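# Overview (structure and organization)
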Amino acid sequence: ETGVTQTPRHLVMGMTNKKSLKCEQHLGHNAMYWYKQSAKKPLELMFVYSLEERVENNSVPSRFSPECPNSSHLFLHLHTLQPEDSALYLCASSQDGSSGGFTGELFFGEGSRLTVL
Amino acid sequence: AQKVTQAQTEISVVEKEDVTLDCVYETRDTTYYLFWYKQPPSGELVFLIRRNSFDEQNEISGRYSWNFQKSTSSFNFTITASQVVDSAVYFCALNDYKLSFGAGTTVTVRA
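Overview of the structure.

## Details of unusual backbone geometry
- Cis geometry is found at the peptide bond from threonine 7 of chain A to proline 8 of chain A, where omega equals -10°.
- Its location among the elements puts proline 8 of chain A in the loop between strand E1 (4–7) and strand E2 (10–13).
- We note that threonine 80 of chain A has phi near 45°; this positive angle belongs to a residue other than glycine.
- Within the secondary structure, threonine 80 of chain A is located in the loop between strand E8 (73–79) and strand E9 (87–94).
- Under the relative-accessibility criterion, threonine 80 of chain A is labelled partly exposed at 42%.
- A positive phi angle is found at serine 73 of chain B, which is not glycine, with a value near 50°.

Spelled out as structure tokens, the structure:
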């Protein structure tokens, strides 16, 4: 199994739908992250979970709701999204992660390509 | 203000040419870490290198080399004798108190 697995790889949803993105890491890391990647823009950090506790929330609209039930799993619940939310959503994990002080590298999944119609 | 600037949006080269990707960063901290990641068409970002602010030695790994210069706040990346498999988006990142990515440089290597 690859280190960080994201499902689904592709998702098309209407603005009134509710869907979830799933991320699973098999690396024994204690921190997980959601990033948003839009065309021609830097990666935007959305959420950070360290030891299953949310340590960072970068002013993300409430239509995005993260959940981290344990250190290996991370979800991003989506509801009433807008077309501008269409992007690649990347999950990552690291060891000894926190919003300040982590020095190691991130391990990324292949992303979930979201299209909002 | 952007903390990590990758001025080159796209670079196109012919196979076997060398290609250098520029990265300029901004931080007030004396302790920080710099990274390069590669994002192939499959989507996942792959870690290439980490460098801490106290280690200015240049590094070479196969066809990849990195030039870190604190005096100019730059951490440039060179691919020597490029190959088609090097085609990807390359991201530079800075971690002072928080990890910030540059906008990325798309490298296309033509056969």
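This is not the end of the story, as more comes after the structure.
## Focus: the state of the cysteines
- By the definition in use, this model includes two disulfides over all chains.
- With its sulfur 1.9 Å from that of its partner, cysteine 23 of chain A forms a disulfide with cysteine 91 of chain A. Between cysteine 23 of chain A and cysteine 91 of chain A, the S-S dihedral sits near -75°, and the bridge is therefore left-handed. Within this pair, whereas cysteine 23 of chain A is found in strand E3 (residues 18–25), its partner cysteine 91 of chain A is found in strand E9, the two being separated by 68 residues in sequence. The same class applies to cysteine 23 of chain A as to cysteine 91 of chain A, namely buried.
- Bridging cysteine 23 of chain B to cysteine 92 of chain B, the disulfide has an S-S length of 1.9 Å. Disulfide cysteine 23 of chain B-cysteine 92 of chain B: the torsion about the S-S bond is -70°, which places it as left-handed. Taken together, the positions of cysteine 23 of chain B in the loop between strand E3 (19–21) and strand E4 (24–25) and cysteine 92 of chain B in strand E10 (residues 88–95) put the pair 69 residues apart, joining distant regions of the chain.
- Not part of a disulfide, cysteine 68 of chain A finds its nearest cysteine sulfur in cysteine 91 of chain A, a span of 9.1 Å.

## So, the nonpolar core
- Leu21, Trp36, Trp66, Phe77 and Tyr90 of chain B are the most contacted members of the largest nonpolar core, which totals 24 residues.
- The set of elements that each furnish at least two residues to this core consists of strand E2 (10–14), E3, strand E5 (33–39), strand E6 (46–52), strand E8 (64–69), strand E9 (74–79), E10 and strand E12 (105–110) of chain B.
- Looking at this core, the element that brings in the most residues is E10 of chain B, giving four residues.
- Leave out the neighbours within four places in its chain, and tyrosine 90 of chain B touches Gln6, Leu21, Trp36, Tyr37, Lys38, Leu48, Tyr64, Phe77, Ile79, Gly104, Thr105 and Val107 of chain B.
- Leu21, Tyr49, Val60 and Leu81 of chain A belong to the second largest nonpolar core, which has 22 residues in total.

## Considering the side chain of glutamine 37 of chain A
- Assignment of secondary structure puts glutamine 37 of chain A in strand E4 (residues 31–37).
- What makes glutamine 37 of chain A buried here is its relative accessible area of 11%.
- Separated by 2.8 Å, the side chains of glutamine 37 of chain A and glutamine 39 of chain B make a polar contact.

## Describing the interface of chain B and chain A
- Tallying the contact residues gives 20 residues for chain B and 22 residues for chain A.
- Buried area between chain B and chain A, both sides added, is near 1700 Å², and the carbon and sulfur share of it is 54%.
- Along the contact surface separating chain B from chain A lie three residue pairs in polar contact (both at pLDDT 80 or more).
- Going through the elements one at a time, E5, E6, E10 and strand E11 (99–101) of chain B are the ones with two or more residues in the side of chain B that touches chain A.
- When residues of the side of chain B that touches chain A are assigned to their parent elements, the largest contribution, four residues, is made by E5 of chain B.

Calculation criteria
- Residues numbered from 1 in each chain as written.
- Chains lettered and ligands numbered in written order.
- Predicted model: local features only at pLDDT ≥ 70, side-chain atom pairs only at ≥ 80, totals over all residues.
- Heavy atoms only, no water.
- Helix = DSSP H or I, 4+ residues; strand = E, 2+ residues; numbered from the N terminus.
- Buried < 20%, exposed > 50% of the residue type's maximum accessible area, 1.4 Å probe, protein only.
- Disulfide = S-S within 2.5 Å.
- Core = buried A, V, L, I, M, F, W, Y, C linked by side-chain atoms within 4.5 Å.
- Contact = heavy atoms within 4.5 Å.
- Polar contact = N/O pair within 3.5 Å; in protein donor to acceptor, adjacent residues only side chain to side chain.
- Buried area = accessible area lost by both parts, 1.4 Å probe.

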